[in-house]
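The residues making up each chain are set out below.
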Amino acid sequence: MRGGDGETVRGCVLLVGAGGIGGPAAIALAAGGVRDLRVVDDDQVEITNLHRQILFDDDDIGRPKLDAFAEALRRRFPRLRVDRRNGRFTPSAAAALMPGVSVVVDATDNFASRFLIADVCRLTRTPVVHAAAVRWRSTVMAVSADGGPCYRCLFEDLPTGDAPDCATAGVAGPVCGVAGAIAADRALAILAGDSSVFGRIATFDGLSDTLRSVPVAARSTCALCGERAAISTIDALRYVNACASESEGERESDSPTHVEGERESDSPTHVARDREGGPTTHLNTGEHDHG
C-alpha cells in the first residue's frame, strides 16, 4: 500500500458508491494519507449489506449510508474531511461533482454507471480507477486523464441484455475488500504521480486465491479516446439500457450543463441532459447499494 506513516496526501478523491468496494477503499485511502474524500451515494443500510460493507453494523440498519459511512470513517480518521453528496452519479449531477477532484474511484455495480463515469472523466481530463466485484472475482483498472487505454478500449459499449451484478449473481464479501484495497492503491499511486498503474487491469480470483495484472491495449478506433473520438458530450440516452424516463414532476430543464474539471482541455465539455424533442432520462444505477 502506498502512502501511510501519517503523511498527508494532497488531492481530493471522488468515491462513487459507499458499499462493499467503497468502504474498504475509503479506509485504505484514509490510512494512506488522503484527507479530502467526496462520497456519492443515495441509499440506506440494509441487513443484507453487512456481510461485505464493513463500515456498517447492526445499529446502522435503516440509516442513510452517507451518514453512517462518514461517521465510521471519522471515528477512525479524525483528520479526514468527508464531503457527503447524497444522490447518484448521473449525467445532470456530474457538473457539481467533478470540480476540484484529483482522481475518481468508481465503486459502482453496473455497466451504465461505469461507462458514464468513464466518459465524464475522460472529457474532464480526470484520472479514474474502475473497481468491480461479482461472485468470487474482482477487477480493477486505472485510466489516465488522457485515456489510451480507457474503459471503452476494453469494453467498447454497454452490453445488450442483462449482465450479472451483485444483486443477480451474488458476491463474496472478502472479494469486495480486495477490490477496494487495490483501487485505493491505484488511486494513491496516481496522486503520487506514478503512471505505471495505467494500461493494466488487475484481476483477483477468490476461489484460486490468485491475483493477476495484465496489460490492456489502447484501441485507435475507441469512441472515447481514439484517434477519431466521437464522444464529446454526455447524452443521457447513450446509457439508455440502464435509464428510465423521469416522471413529469422530476424532469429537469432542457439547457445543457457544463462539466468543469481542473485540467485544461481544448474545448468545453457539456453534459447534455436530453436530446432535442426526446424524453428526459436519468441514470438508474441498478442495485441500490453500489456493490
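Structure first, text after, so check above.
Below, the structure is looked at part by part. (Residues numbered from 1 in each chain as written. Predicted model: local features only at pLDDT ≥ 70, side-chain atom pairs only at ≥ 80, totals over all residues. Heavy atoms only, no water.)

## Thoughts on the sheet that holds strand 3 (residues 81–86)
Inclusion rule: Two strands qualify as a pair provided DSSP detects at least 2 bridges between them. For helices the rule is a DSSP run of H or I covering at least 4 residues; for strands it is a run of E covering at least 2, with both sets numbered from the N terminus onward. Where helices are involved, their axes are fitted lines through C-alpha atoms of the stretch in contact, as for all axes, and angles between N-to-C directions lie from 0 to 180°. Contacts: residue pairs with any heavy atoms within 4.5 Å of one another.
Ordered in space as 3-2-1-4-5-6-7-8, the 8 strands form an open sheet in which the pairing is mixed. Each edge of the open sheet carries a strand with a single partner, namely strand 3 and strand 8 (210–215). On average, adjacent strands in this sheet sit at an angle of 15° to one another, irrespective of strand direction. In terms of strand pairing, strand 2 (residues 34–41) meets strand 3 through 6 bridges, oriented parallel. Counterpart to V39 in the pairing with strand 3 is R84. Here helix 1 (residues 22–31) sits on the sheet and contacts strand 1 (9–16) and strand 2; the angle it forms with strand 2, its principal contact strand, is near 165°. Relative to the sheet, helix 7 (residues 173–191) contacts strand 1, strand 2, strand 4 (103–106), strand 5 (128–134), strand 6 (137–143), strand 7 (200–205) and strand 8, its axis offset from that of strand 6 by approximately 10°.

## A few points about the side chain of R52
Applied cut-off: Relative accessibility under 20% of the residue-type maximum defines a buried residue, over 50% an exposed one, and the middle range a partly exposed one, all with a 1.4 Å probe and only protein chains included.
Secondary-structure assignment places R52 in the loop between strand 2 and helix 2 (65–76). With a relative accessible area of 6%, R52 lands in the buried category.

## Some remarks on the pairing of strand 6
Of all 7 residues that make up strand 6, 5 are buried, and the element is covered over most of its length. One ladder, built from 7 bridges, connects strand 5 with strand 6; its direction is antiparallel. By the bridge assignment for strand 6, A131 is matched with V140. Connecting the antiparallel pair strand 5 and strand 6 is a turn made up of 2 residues, with R135 showing a positive phi of about 55°. Examined bridge by bridge, strand 6 and strand 7 share 5 bridges and lie antiparallel to one another. Bridge pairing links V140 to A202 in strand 7.

## Things to note about the pattern of salt bridges
Put simply, the rule reads: Whenever a carboxyl oxygen of Asp or Glu lies within 4 Å of a side-chain nitrogen of Lys or Arg, that contact is scored as a salt bridge.
Counted according to the given criterion, the structure contains 12 salt bridges. The closest approach of N and O atoms between R88 and D42, which form a salt bridge, is 2.7 Å. Of the two residues, R88 is situated in the loop between strand 3 and helix 3 (94–97) and D42 in the loop between strand 2 and helix 2; the sequence distance between them amounts to 46 residues. Using a relative accessible area of 15% as the deciding quantity, one classes R88 as buried. Using a relative accessible area of 31% as the deciding quantity, one classes D42 as partly exposed. A salt bridge links D205 to R137, with the nearest nitrogen and oxygen atoms 3.3 Å apart. With D205 in strand 7 and R137 in strand 6, this pair connects stretches of sequence that are 68 residues apart. Taken together, the salt bridges that share partners define one network made up of R38, D83 and R85.

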